[in-house]
Amino acid sequence: TSAVVTGSATWSSSDETVAVMSVAGGGRGGFPGGPVVGGGTATGLAIGTATVSATYTENGVTVTGTAVLTVTDLPLLSLEITPTNPTASLASQYQPFVATAIFTDYSTRNVTASATWSSANGAVAVISSSGGTAGRATLLAVGTSTITATYGGMSASTTLTVVTKKVTTIQVTPTNPTAHLGLNQAFVATAIYDDSSTGAVTGGATWTSSDATVASIGTTGGSAGVATPIKAGTTTITATYQGLSGS
């Protein structure tokens, strides 16, 4: 014969860092350690394995049964790398990346140290997959390389651009000018680099006007940075270059 004795048995987990057994009524138990009576439900705390034991005594006879519980991740929904498409100066030597796993319950986890990292162009940058340097790219030469992180069967990639020097700020001049209808207003975009040098990037910047009904702005050739007033009002003129903007 047999009988269900789940509620009468004494339950324990061999590794309470991996899983703990519930107390009677379903609440989580096992902290700070030791068996619980009336359990039978395990709560997973970390990836790994634990031996779950149930001990039952009747008529002076005590018996114990065991089972191995394996705690795994939730299914992986996607993998992301940050920063996205960064530009780094060769003088900075390194560019760190972070890999984030997104699971099917939309929880997230930093898996930088667990991911496998690769650089498509080892002449431009190499990237570490081990220890405290995991996800850190070492910059070797000017150029581009695709950085890939692989975790749980999924991969994510981003493009790393290595330049001689990196833009830190974009300035647009003149500042807050007043223009008259019928007269165009020319703007200049200046890049300030991480070595404190500067350079005009008017022709290479992307220009926008926040209100194109007040003034339009040229984006190509000789018209780049040249605003044409259309009606009275105000508009913000913005120049974007290498991912940075100034207005």
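Refer to the preceding data block for the structure.
Worth saying up front: this structure is predicted, and the values here are computed from it rather than measured.

Quick word on the nonpolar core
Turning to step 1, where the next piece is worked out: Counting 22 residues, the largest nonpolar core has Leu-79, Phe-97, Ala-101, Trp-117, Ala-149, Tyr-151 and Leu-160 as the members making the most contacts within it.
Turning to step 2, where the next piece is worked out: Of all the elements in the fold, those that place two or more residues in this core are β7 (76–82), β10 (98–103), β13 (125–127), β14 (136–139), β15 (143–151) and β16 (154–163).
Turning to step 3, where the next piece is worked out: Counting 16 residues, the second largest nonpolar core, distinct from the first, contains Ile-170, Ala-189, Ala-224 and Ile-237.

Remarks on the pairing of strand β5 (residues 48–58)
Turning to step 1, where the next piece is worked out: As defined by bridge partners, strand β1 (residues 10–13) adjoins β5 across 4 bridges and the pair is classed as antiparallel. Residue Ser-12 lies in a different strand from β5, and its bridge partner there is Ser-53.
Turning to step 2, where the next piece is worked out: As paired elements, β5 and strand β6 (residues 61–71) share 11 bridges and run antiparallel to each other. Pairing of Thr-57 across the sheet is with Thr-62, part of β6.
Turning to step 3, where the next piece is worked out: Connecting the antiparallel pair β5 and β6 is a turn made up of 2 residues, with Asn-59 showing a positive phi of about 55°.

What about the layout of surface pockets?
Turning to step 1, where the next piece is worked out: Empty space within the largest pocket amounts to approximately 490 Å³.
Turning to step 2, where the next piece is worked out: What lines the largest pocket is a set of 23 residues, and nearest its centre among them are Asn-176, Pro-177, Phe-187, Thr-235 and Ile-237.
Turning to step 3, where the next piece is worked out: Looking at the lining of the largest pocket, its residues break down into 12 nonpolar, 10 polar and 1 charged.

Criteria and cut-off values
- Within any chain, residue numbers begin from 1 and follow the written order of that chain's sequence.
- Selection of residues for local features in this predicted model requires a pLDDT of at least 70, selection of side-chain atom pairs for listing and counting requires 80 or more, and totals for whole chains, interfaces and linings are taken over all residues.
- No hydrogens and no water enter the side-chain calculation; it runs on all heavy atoms of the structure.
- Grouping buried Ala, Val, Leu, Ile, Met, Phe, Trp, Tyr and Cys residues that are joined through side-chain atoms within 4.5 Å yields what is termed a nonpolar core.
- With a 1.4 Å probe rolled over the protein chains alone, any residue whose accessible area is under 20% of its type maximum counts as buried; one over 50% counts as exposed, and the rest are partly exposed.
- Secondary structure counts use DSSP, requiring at least four H or I residues in a row for a helix and at least two E residues in a row for a strand, with both numbered from the N terminus.
- By definition, two strands form a pair when at least two bridges between them are found by DSSP.
- Throughout, the protein atoms alone are placed on a 1 Å grid, and a set of points is a cavity if a 1.4 Å probe fits but cannot get out or a pocket if it is open with protein on both sides within 12 Å along at least five of seven lines; lining residues have an atom within 4 Å of a point.
- Grid points are joined across faces, edges and corners, and a volume is the space filled by probe spheres set on the points.
- For this scheme, ten residues count as nonpolar: Ala, Val, Leu, Ile, Met, Phe, Trp, Tyr, Cys and Pro. Four count as charged, namely Asp, Glu, Lys and Arg, and the remainder, Gly too, count as polar.

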